[in-house]
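The primary structure of each chain is shown beneath.
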Protein chains: 2
Amino acid sequence: MRYDVAIIGTGPAAISAALTLKLHNKTILWFGSKKLSPKVELSERIANYPGVAMVTGPELNRLYREQIEQAGLEITERQVTNIASTRRGFMLQGGDEIYDAKTVLLCTGAVSPKGFPGEAELLGHGVSYCATCDGFLYPGKTIAVYCGAKEFEHEAEYLAEIAAKVYLFTPYADCGVKRENVILNPGKIRAILGDSAAEGVELQDGTRLDVDGVFVIRPAVAPGRLLRGLEIDGANIVVNRRMETNKPGCYAAGDCTGRPYQLAKAVGEGNVAAHSIVEYLSQLECK
Amino acid sequence: MRYDVAIIGTGPAAISAALTLKLHNKTILWFGSKKLSPKVELSERIANYPGVAMVTGPELNRLYREQIEQAGLEITERQVTNIASTRRGFMLQGGDEIYDAKTVLLCTGAVSPKGFPGEAELLGHGVSYCATCDGFLYPGKTIAVYCGAKEFEHEAEYLAEIAAKVYLFTPYADCGVKRENVILNPGKIRAILGDSAAEGVELQDGTRLDVDGVFVIRPAVAPGRLLRGLEIDGANIVVNRRMETNKPGCYAAGDCTGRPYQLAKAVGEGNVAAHSIVEYLSQLECK
């Protein structure tokens, strides 16, 4: 199936866009978390969102979930690790599936554009963002896995089932992965090493660990690495007032387009992006 | 008192901005209607505003009014008829009062930029937008009054107390002004006549009525006529992504900046404008 639009992210900008696109009867492929935005969830009180006075983050997310369900919208909990422009639109890699969409809306939140040194250079050459996609390449091998959030531990588990030895790095405590072949947090990663392919990781204390591959699993992939050629300014996706990026058919909304990192701003941009997408799709149909 | 910001309009963009500016402890002079946006009020259902599912317009305005009260925000029900840039910021004429503000946020809604032929040219020369300000100039005279909405009939009444004869034009039926010296809707205005000053109005049937002055009372004054030199494109105030207009210290948000005419878009722009204003004010203080 070729979707009208693929939305990446389930924060306020994405919700606003999805509600509007659904009203316009567009087919929507929506990637994210059914729990919605962790940033909203962790907000104590939101005092300046018109219409919902002094709401707590969890309560707002609950209202959102109800509204999403009422609208008949569905969320796919696969992480999108790669987007490629094609002649007909976009191909998206979500887990080990490939999806096809006419347009893409990036609502990826505020993501640090910084990866580990060497990460961007060696991506696709021993560095992977997707356990399900590339794990099969490493049976009996030694790999390093950076697991950026507790909810991705199942990916680390999966990799540990395949590989002989796993150096697992987590930025949080109480990692739940307990396996004999997993060495948990031998230090902090300073860089990924290798010339034409990943060969090791360097730790902050200077230790070098030799590995055959490195998996970097983060809650969100920085958009500049998600879609090649996307114009980025610092950490922000560059958009105009219509929320168009430099790639035709690709739009962005919410924190990923820059400050202010605010609910109302995100919701507004999602709405504008949805309208621009509707217009773009109607022009596609005329061609 | 010199206010940090004057907000013109009480629709969703203005409410969003006011809530945010209040959180930042800015002094706010807020012009509009305590009933808030008539456009929201007339909405049957709003299906795509995240957080408030399938809300009716009157219910949403009720939620807004509660939130405005909780936030301790106050609305001044005077119509702003003129804004002038000064060396220190802006001077605003609201009714017969003059106000002083460091910044201005225009949330004037979608207003047709078209006035009557002759209106813009003769403004200040026999054409006035403000009964309270200029009515005293016409004791015993003959004037034409265009009253654009029922709620401004008190201004027409006021003018009829001063002038000897009033040609009153209303775009709606059931005008409540009944006075001996008022000639109600002798036709429709085609143009305001006069070279250096207003001398008459021409009706659509070609009749010419000689008058000494013309009052044009509309729910909103087109922003291009409100603030001289403001950059306008068609009916829209030109803004950048920070909601800055071409006039330093003057911002705009909501329907007045163009399509999509949507609640979420307005709310988002109000939020962004508020943050830009906070930043601008902090830079002013450094000077």
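Quick caveat: nothing in here was measured; it's all calculated off a predicted structure.

**Here's the deal with the pairing of strand β3 (residues 80–86) of chain B**
Residue and element names in this part refer to chain B. Strand direction decides the pairing type here: β3 and strand β4 (residues 89–94), joined by six bridges, are antiparallel. Bridge pairing in β4 places T86 opposite G89. Remark: two residues form the turn of the hairpin made by β3 and β4, two consecutive strands paired antiparallel.

**Thoughts on the interface of chain B and chain A**
Each partner contributes to the interface: chain B provides 33 residues, whereas chain A provides 33 residues. Roughly 2500 Å² is buried in total at the junction of chain B and chain A, and carbon and sulfur atoms are behind 61% of that figure. Linking chain B with chain A are two salt bridges, by the criterion used here. For the interface between chain B and chain A, the tally reads 14 residue pairs in polar contact (both at pLDDT 80 or more). Looking at the side of chain B that touches chain A, the elements with two or more residues in it are α1 (12–23), α3 (57–70) and α8 (263–286) of chain B. The element best represented in the side of chain B that touches chain A is α8 of chain B, accounting for eight residues.

**Some thoughts on the side chain of K247 of chain A**
Residues and elements named next belong to chain A. Structurally, K247 can be placed in the loop between β15 (236–237) and β16 (250–252). Although K247 is buried, it makes no salt bridge; E231 carries the closest opposite charge, 11 Å away. Of note is the side chain of K247, whose polar atom sits 3.5 Å from the side chain of S85. Each residue touching K247, except ones within four places of it in the same chain, is listed here: S85, L227, R228, G229 and L230.

**Focus on the sheet that holds strand β9 (residues 182–184) of chain A**
Strand pairing in a sheet takes place through backbone hydrogen bonds and is either antiparallel or parallel in direction. Residue and element names in this part refer to chain A. Here we have five strands laid out as an open sheet, ordered β6-β13-β7-β8-β9, and parallel in their pairing. Looking at strand neighbours, the two that pair on one side only are β6 (127–128) and β9, the edges of this open sheet. Each of β7 (142–147), β8 (165–169), β9 and β13 (213–217) is contacted by helix α6 (residues 153–162), which is oriented at about 175° to β7, the strand it contacts most.

**Brief notes about helix α1 (residues 12–23) of chain A**
Residues and elements named next belong to chain A. The end-to-end C-alpha distance of α1 is 17 Å, a good match for the 16 Å that twelve residues give at a rise of 1.5 Å each. Counted residue by residue, α1 has ten buried out of twelve residues, so it is predominantly covered. Among all positions in α1, only P12, A13, A14, I15, S16, A17, A18, L19, T20 and L21 are buried. Positioned one or two residues after α1, N25 has a phi angle of 60°, which is positive.

**Details of the state of the cysteines**
All names here are of chain A. Within the structure shown, the criterion is met by zero disulfides over all chains. Looking at C250, it has no disulfide partner, and the nearest cysteine sulfur is the one in C256, 9.1 Å off. Looking at C250, the relative accessible area reads 0%, which means it is buried.

**So, the nonpolar core**
With 153 residues, the main nonpolar core has L92 of chain A together with L92 of chain B as its most contacted residues. Residues within four places of L92 of chain B in sequence aside, it is in contact with A6, I8, F31, V80, N82, I83, E97, I98, Y99, A101 and V104 of chain B.

**Some remarks on the domain arrangement of chain A**
Residues and elements named next belong to chain A. Each assigned domain of chain A is listed here: domain 1 (2–111 + 221–286) and domain 2 (119–217). The C-alpha centroid of domain 2 is placed 29 Å from the C-alpha centroid of domain 1. Facing seven residues of domain 1, the contacting portion of domain 2 comprises nine residues. Of the roughly 650 Å² buried at the junction of domain 1 and domain 2 (both faces included), carbon and sulfur atoms supply 63%. Counting the surface domain 1 buries against domain 2, the share from its top three residues, Q79, T81 and R225, is 62%. The interface formed by domain 1 and domain 2 includes one salt bridge. R225 is paired through a salt bridge with E119; the nearest N and O atoms lie 2.4 Å apart. Looking at the side of domain 1 that touches domain 2 residue by residue, the classes come out as one nonpolar, four polar and two charged.

Conventions used here
Residues numbered from 1 in each chain as written. Chains lettered and ligands numbered in written order. Predicted model: local features only at pLDDT ≥ 70, side-chain atom pairs only at ≥ 80, totals over all residues. Heavy atoms only, no water. Pairing = 2+ DSSP bridges. Helix = DSSP H or I, 4+ residues; strand = E, 2+ residues; numbered from the N terminus. Contact = heavy atoms within 4.5 Å. Buried area = accessible area lost by both parts, 1.4 Å probe. Salt bridge = Lys/Arg side-chain N within 4 Å of Asp/Glu carboxyl O. Polar contact = N/O pair within 3.5 Å; in protein donor to acceptor, adjacent residues only side chain to side chain. Buried < 20%, exposed > 50% of the residue type's maximum accessible area, 1.4 Å probe, protein only. Lys, Arg positive; Asp, Glu negative; His and termini not counted. Axes fitted to C-alpha atoms, helices over the stretch in contact; angles between N-to-C directions. Expected span 1.5 Å × (residues − 1). Disulfide = S-S within 2.5 Å. Core = buried A, V, L, I, M, F, W, Y, C linked by side-chain atoms within 4.5 Å. Domains from an automatic or database assignment. Nonpolar A, V, L, I, M, F, W, Y, C, P; charged D, E, K, R; others polar.

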